[in-house]
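Tertiary structure, described
In case you want the letters, here they are:
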Amino acid sequence: MIPSIPIDKNEMLKYYKPIAIDTHKGIQGHALIIGGSYGKIGAVCLSSKAALKAGCGLVTAFVPRCGYEIVQIAIPEVMVLTDVKKKCISNISFDIQPDAIGIGPGIGQDELTQKTFLKFLKNNKAPLVIDADALNILSKNKAWFLLLPSRSILTPHPKELERLIGEWNSEEEKFEKTISFSMQYHVVVVMKGAPTHIIDGQTIYKNTTGNPALATAGSGDVLTGIITSLLAQGYEPLQAAILGVYLHGLTADIAVPKTGFQSFVASDIIDHLGAAFLSLE
Ligand SMILES: NC(=O)C1=CN([C@@H]2O[C@H](COP(=O)(O)OP(=O)(O)OC[C@H]3O[C@@H](n4cnc5c(N)ncnc54)[C@H](OP(=O)(O)O)[C@@H]3O)[C@@H](O)[C@H]2O)[C@@H](O)CC1
Ligand SMILES: Nc1ncnc2c1ncn2[C@@H]1O[C@H](COP(=O)(O)OP(=O)(O)O)[C@@H](O)[C@H]1O
Ligand SMILES: [Mg+2]
């Protein structure tokens, strides 16, 4: 057994910051979600709605042109910036100053998307959450790991993790390799699974919330939105990852007695975020 710190309510209460009474949307954090491609704009809708519902004052989505109306209609509270290309992201360019950026949900791996992702990494200064195809692009271009801002948060599922660090022959080896990766590139790795572990250098955290209802499309896209939101609200990267993973899992624990396992979908995570936050008050 590899020793780990449980991510439970006690751990949460060390970090959780209730909302200040005199706050306003301008200081409550601005999250930017970059992602989507033709047929996968839903991933950005889920991620950016989750960012709002996790407490951000402002959320902007950067999507290919085909995503403009979809995001505006699905979530009117979210602002939308569009790429010049219709079906994929080819030129990440914006004149806002987000407090944190989540990149990857539904973004695909088009050559143009890979190129602009490299340019983005070279210029970006904002704290990052990297998920899905942005992780897969990094796995194909391992030299780019060096461009990640220190304390970036990576959120791979097991297959994405294998693409990042290579195959493992035992659970122990998987953790060893992820710890080395985290230390080498100074990143926080959210090893999604059942349960999810968070690796920060040599420290391993193990989540205690969540259940198989989360095995549903878009569940990880929602987690990216939640963690990006917390990061934008000023939580330190490790705290944002821990709190995000805990709340994400808790929504399923709260919802399942009403929805059952089968009928729980990623939007139910978003719908139960309020109840999850209230349990910390
Ligand atoms: N509505 C939308 O717009 C949605 C858009 N989405 C977007 O689609 C893009 C592709 O994302 P993706 O994760 O589906 O593809 P990919 O990286 O090939 O991984 C799939 C393979 O990984 C494995 N695997 C996964 N989990 C595992 C586990 N827990 N434990 C073990 N293995 C596990 C499993 O491999 P297998 O077991 O089949 O060998 C599976 O076949 C991405 O950009 C995402 O954001 C989706 O979020 C859906 C909603
Ligand atoms: N059986 C399970 N028990 C607990 N959590 C699960 C289970 N299956 C999946 N999850 C969680 O659901 C999420 C799935 O993420 P991911 O595979 O990236 O989904 P997607 O790409 O479809 O959004 C992760 O947070 C993972 O930990
Ligand atoms: Mg995913």
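If you're wondering where the values come from, they're calculated on a predicted model, not measured in any experiment. (Residues numbered from 1 in each chain as written. Chains lettered and ligands numbered in written order. Predicted model: local features only at pLDDT ≥ 70, side-chain atom pairs only at ≥ 80, totals over all residues. Heavy atoms only, no water.)

1. Points about the sheet that holds strand β2 (residues 30–34)
- Read from one edge to the other, the open sheet built from 10 strands follows the order β1-β10-β9-β8-β7-β6-β5-β2-β3-β4, with strand pairing classed as mixed. Edge strands, defined here as strands with exactly one partner in the open sheet, are β1 (5–7) and β4 (79–82).
- Of the strand pairs in this sheet, strand β8 (residues 188–191) and strand β9 (residues 197–200) are connected by four bridges, and their pairing is antiparallel. Residue pairing across strands places V189 opposite I199, the latter belonging to β9. (Pairing = 2+ DSSP bridges. Helix = DSSP H or I, 4+ residues; strand = E, 2+ residues; numbered from the N terminus.)

2. Some words on the site of ligand 2
- Neighbouring residues of ligand 2: 16 residues in total, closest K192, G193, G218, G220 and D221.
- Here L214 contributes a backbone N or O atom positioned 3.2 Å from an oxygen atom of ligand 2.
- At 2.8 Å from an oxygen atom of ligand 2 is found a main-chain nitrogen or oxygen belonging to G220.
- Relative to its unbound accessible surface of 570 Å², ligand 2 loses 77% to contact with the protein.
- Here the element with the most residues in the shell around ligand 2 is helix α8 (residues 219–232); it accounts for four residues. (Near = heavy atom within 4 Å. Polar contact = N/O pair within 3.5 Å; in protein donor to acceptor, adjacent residues only side chain to side chain. Areas by Shrake-Rupley, 256 points an atom, 1.4 Å probe, with all protein chains shown as cover.)

3. Comments concerning the UniProt feature "binding site: (6S)-NADPHX" (unreviewed entry) in the protein
- UniProt records the feature "binding site: (6S)-NADPHX" (unreviewed entry) at A43, G106, H157 and D221, using the numbering of this structure. Checked against the lining of the largest pocket, the annotated residues just named reduce to H157 and D221.
- Along the chain, A43 turns up in helix α2 (residues 42–53).
- Those residues in contact with A43 that sit more than four places away from it in its chain are P105, G106 and D221.
- With respect to the helices and strands, the residue H157 is situated in the loop between β7 (153–154) and α6 (158–165). (UniProt positions renumbered as here; feature names shortened; annotations may be inferred. 1 Å grid on protein atoms, 1.4 Å probe; cavity = no way out; pocket = protein on both sides within 12 Å on 5 of 7 lines; lining within 4 Å. Contact = heavy atoms within 4.5 Å.)

4. Thoughts on the site of ligand 1
- Around ligand 1 sit 16 residues in total, of which G106, D133, H157, R163 and D221 are the nearest.
- Contact distances for ligand 1 include 2.7 Å between an oxygen atom and a side-chain N or O atom of D221.
- Within the complex, the protein chains bury 52% of what would otherwise be the 910 Å² of accessible surface of ligand 1.
- For the shell around ligand 1, the secondary-structure elements that each account for two or more residues are α2, α5 (132–140) and α6.
- For the shell around ligand 1, the element with the highest residue contribution is α6, accounting for four residues.
- Among the residues making up the shell around ligand 1, the classes are represented as four nonpolar, six polar and six charged. (Nonpolar A, V, L, I, M, F, W, Y, C, P; charged D, E, K, R; others polar.)

5. Here's the deal with the packing of aromatic side chains
- Summed over the entire model, instances satisfying the criterion amount to six aromatic pairs.
- Here the aromatic rings of Y16 and F277 are separated by 6.4 Å at their centres, their planes lie at 45°, and the arrangement is tilted. With Y16 in the loop between α1 (9–15) and β2 and F277 in helix α11 (residues 273–278), the pair connects residues that are 261 residues apart, well separated along the chain. Both residues of the pair, Y16 and F277, count as buried.
- Members of the aromatic cluster, connected to one another through ring pairs, are F117, F120 and W144.
- The positively charged end of K17 is found above the aromatic ring belonging to Y235, 4.5 Å away from the centroid.
- The residue whose ring lies beneath K87 is Y38, and the NZ or CZ to ring-centre distance is 4.6 Å. (Phe/Tyr/Trp six-rings, centres within 6.5 Å; stacked < 30°, edge-to-face > 60°. Buried < 20%, exposed > 50% of the residue type's maximum accessible area, 1.4 Å probe, protein only. Lys NZ or Arg CZ within 6 Å of the ring centre and 35° of its normal.)

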